[in-house]
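Structure at a glance
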Amino acid sequence: MYTLSKNLKLSAIIFMVVGAILFAVDYAMLPKTTADVEALESAHGGGHGEAHEVPHGDSQLTEAHDGDAPMAGDHAEGGHVMSQEEHLEHTLHQYQNKPWSAIYIAAFFFFMIALACLAFYAIQYASQAGWSPLLLRVMEGITAYLLPGSIIIFVLLMLSGFHINHMFHWMDPALVDESSDKYDKLIAGKSGYLNVPFFLARAFVFILGWNLYRFFAVKFAKKQDEATDNRWHKKSFKAAAIFLVFFIYTESIMSWDWIMSLDPHWFSTLFGWYVFAGMMVCAITVIAMVTIYLKSKGYLEKVNDSHIHDLAKFMFAFSIFWTYLWFSQFMLIWYSNIPEEVTYFITRIEDYTVPFWGMVGMNFIFPLLLLMNSDYKRKNWFVVMAGIVILLGHYVDLFNMVMPATVGKSWSFGFVEVGSLLFFLGLFIMIVFTSLSKRKSLEPKRNPLIEESKHFHY
Amino acid sequence: MASTVIHALYTDDDVLMNAVKEVKKKHLHINEVYTPFPVHGLDKAMGLAPTRIAITSFMYGCLGLTVAIVMMNFIMIEDWPQDIGGKPSFSYIENMPAFVPIMFELTVFFAAHLMVITFYLRSKLWPFKKAENPDVRTTDDHFLMEIDTAGKDAQELADFLVTTGATEINLIANQEA
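Rules used in this analysis
- Residues numbered from 1 in each chain as written.
- Chains lettered and ligands numbered in written order.
- Predicted model: local features only at pLDDT ≥ 70, side-chain atom pairs only at ≥ 80, totals over all residues.
- Helix = DSSP H or I, 4+ residues; strand = E, 2+ residues; numbered from the N terminus.
- Rg over C-alpha atoms; globule rule 2.2 N^0.38 Å.
- Buried ≥ 20, exposed ≤ 12 C-beta atoms within 10 Å, placed from the backbone.
- Contact = placed C-beta atoms within 7 Å.
- Pairing = 2+ DSSP bridges.
- pLDDT = per-residue confidence, 0-100.
- Core = buried A, V, L, I, M, F, W, Y, C linked by C-beta atoms within 7 Å.
- Domains from an automatic or database assignment.
- Axes fitted to C-alpha atoms, helices over the stretch in contact; angles between N-to-C directions.
- Parallel < 35°, antiparallel > 145°, perpendicular 65-115°, else oblique.
- Left-handed = near helix turned anticlockwise from the far one by under 90°.
- Nonpolar A, V, L, I, M, F, W, Y, C, P; charged D, E, K, R; others polar.

Across its full length, chain B holds five helices and four strands. Each helix (α) and strand (β) of chain B, taken in turn from the N terminus, gives the series β-α-β-α-α-α-β-α-β. Scaling as 2.2 N^0.38, a compact globule of 177 residues should have a C-alpha radius of gyration of about 16 Å, whereas chain B reaches 25 Å, well beyond that. Overall size of chain B, expressed as C-alpha extent along the three principal axes, is 80 × 35 × 25 Å. Put simply, chain B has 177 residues, and 15% of those count as buried. Contacts spanning at least 24 positions in sequence make up 77% of the contacts within chain B whose residues lie at least 6 apart.

A word on the pairing of strand E1 (residues 4–10) of chain B. Residues and elements named next belong to chain B. Within E1, five of the seven residues are buried, leaving the element largely enclosed by the surrounding structure. Inspection of the sheet shows E1 paired to strand E4 (residues 168–173) by six bridges, in the antiparallel sense. Looking at E4, one finds that Thr4 is bridged to Ala173. In this sheet, strand E3 (residues 143–148) lies alongside E1 in antiparallel orientation, the contact comprising six bridges. Looking at E3, one finds that Val5 is bridged to Asp148.

When the pLDDT values of chain A are averaged, the result is 88; 91% of them are 70 or greater. Here residues 46–78 of chain A is modelled with pLDDT under 50, and outside its nearest four sequence neighbours on either side it reaches 77 contacts, counting other chains as well.

Further remarks concern the nonpolar core. All names here are of chain A. Counting residues in each nonpolar core, the largest one holds 127 residues, and the members touching the most others are Ile113, Cys117, Ile142, Ile287 and Met315. With 23 residues, helix H4 (residues 84–126) is the single largest residue contributor to this core. Setting aside its immediate chain neighbours within four residues, Ile142 contacts Ile113, Ala114, Cys117, Val286, Ile287, Val290 and Val432.

Once that is clear, we can look at the domain arrangement of chain B. Annotation of chain B at the domain level lists domain 1 (4–36 + 143–173) and domain 2 (53–122). For domain 1 of chain B and domain 2 of chain B, the distance between their C-alpha centres works out to 48 Å.

Next up on the list: the sheet that holds E1 of chain B. All names here are of chain B. One open sheet accounts for four strands, arranged E2-E3-E1-E4; its pairing is antiparallel. The open sheet is flanked by strand E2 (30–34) and E4, the only strands paired with a single partner. On average, each strand axis in the sheet is inclined to that of its neighbour by 20 degrees, with strand direction left out of account. Here helix H5 (residues 154–163) sits on the sheet and contacts E1, E3 and E4; the angle it forms with E1, its principal contact strand, is near 15 degrees.

Contacts between the two partners involve seven residues from chain B, matched on the other side by nine residues from chain A. Ranked by residues supplied to the side of chain B that touches chain A, first place goes to helix H4 (residues 96–122) of chain B with three residues.

All names here are of chain A. Contact pair helix H1 (residues 6–29) / helix H15 (residues 415–437): the axes reach a minimum separation of 7 Å and the direction vectors enclose 155 degrees. Relative to H15, the element H1 is oriented roughly antiparallel. The handedness of the crossing between H1 and H15 comes out as left-handed. For the contact of H1 with H15, the per-class residue count stands at 21 nonpolar, four polar and one charged.

Right, let's talk about the environment of Lys182 of chain A for a bit. Within the element layout of this structure, Lys182 of chain A appears in the loop between helix H6 (146–161) and helix H7 (185–189). Taking the C-alpha atoms as reference, Lys182 of chain A lies 9.5 Å from Asp172 of chain A; in sequence the two are ten residues apart.

Residue and element names in this part refer to chain A. Mapped onto the secondary structure, Ser101 falls in helix H4. Remark: the alpha-carbon pair of Ser101 and Ile21, spanning 80 residues in sequence, is separated by 17 Å. Sequence-distant contacts of Ser101, that is, excluding residues within four places in its chain, are made with Met167, Val402, Met403, Thr406 and Val407.

See the structure below:
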């Protein structure tokens, strides 16, 4: 029986409070009117502010066809030149998106950890894995964040859908109105799929499906602990298999809807896999870190260094897998050099140089070199160190997916970003460890594979 | 020096593992264990030094990566500059994404092949080499532990090995003169 320590609870609350304060402070300082933007730009010796007429475009290539401006509020024709007023308006919209995007990224980051952890959990049942049953309660604890996390995401998507914020450019009704001067042929062509009611309906169905599986999986696991035969284990197996089929379709569509549609003109056919690899490596890292934490507190005494070794192997392997997909996406687009595709990477490389290359180092080179050695994968502090860098790296990866689409050049890594990250970290810790403390035991009692897991050695 | 060895045969890998641990507890010297398949943890139980093949593998991988870079630079940039996807920049680094698959493949190729060759050399294996296997049944379903009898009473040793689960025990006079 695990009890939530006062220190951990207190740190979680401190994270949330400090996060909320940082967010509020920075939010108050963000420009609210075009005059504020003008003042900000002149204070920075603004590159834009000096010229009265500035050519619009987040990169040289964005104007190659009718309007790739990823921002709400303006629709640029080829070679469109923005007046100073339009430029200020545009920049203001970017600043208005900044706090929303910061919340969205942090909320999605922890949500995707819980979701991928659920998928990893289902894989353990579906594959009848013998090494992992000792870790199943830890995974169930982490997936406890799925329900609150997905509700928060759904609320954020609804706010976008009701035009409280303008993160999703395609939600602007003027873009699909043929009589409007903002009319965008490409987005109008996609409006059969990309429209607010269908978008929210999809989100609702996906979230419902994932949470239903999580509900039944935990219920079956609890029943199996009390059971005298393997009936409930078999039910867990079936539920896991069905969920995995549902998951791999919905995860892919979720990544198009919730992330890729932020750049509504751009598309990549392996985006679903790319997001999947990123969330999977984060989830396994969190499983390893929570396991190491609980073990250091004297729980999970049957978990040995071979279990940690296996988790670290997964961290290593999924980091490589993530890189493979990241590079596959990058190389094909770089090679073919088609304007509407390549603009995605040009904005990121030119305007987000440090986060873009930094996250390749953090997510690929760092885990590659650190976790390659077999002995290092058994050292807890090594796994935790690598894990922290991997988690931060994938946060930056998500930052790179969202921010260039919503905030464009007006990005910075300020208090709103740190604040929302801290807030959701606190919430995540709070929910995960509260859920763990409610379990009777952190060790499954009657899982048919538990003996194999206890004697697992590499 | 005429020494003798004992060949103890086992029919199960778990029994063998326990027997190896028992024998090590008595501080007897195990010359070699012959098994039909790799037994997990046997090397640790026998007290063998950890393998260094992973280090050679890493070095071979680095060599492969270097060969790929030098080769592609010569072929595609210096000797006969190629127009890569409309990017005739005469620069390796600017065309690097196109070479990454080759860099990856040659890294794996060098690491894998040279590692296997190293393993053969280190194990003194070469084509047409006569097998050193003392008992052909170890290629099918038997496990054989070879123990040095130097300074020990062979009968006592044999009795002890039977208690560890050996199904057959042979005393072999050493072939080496």
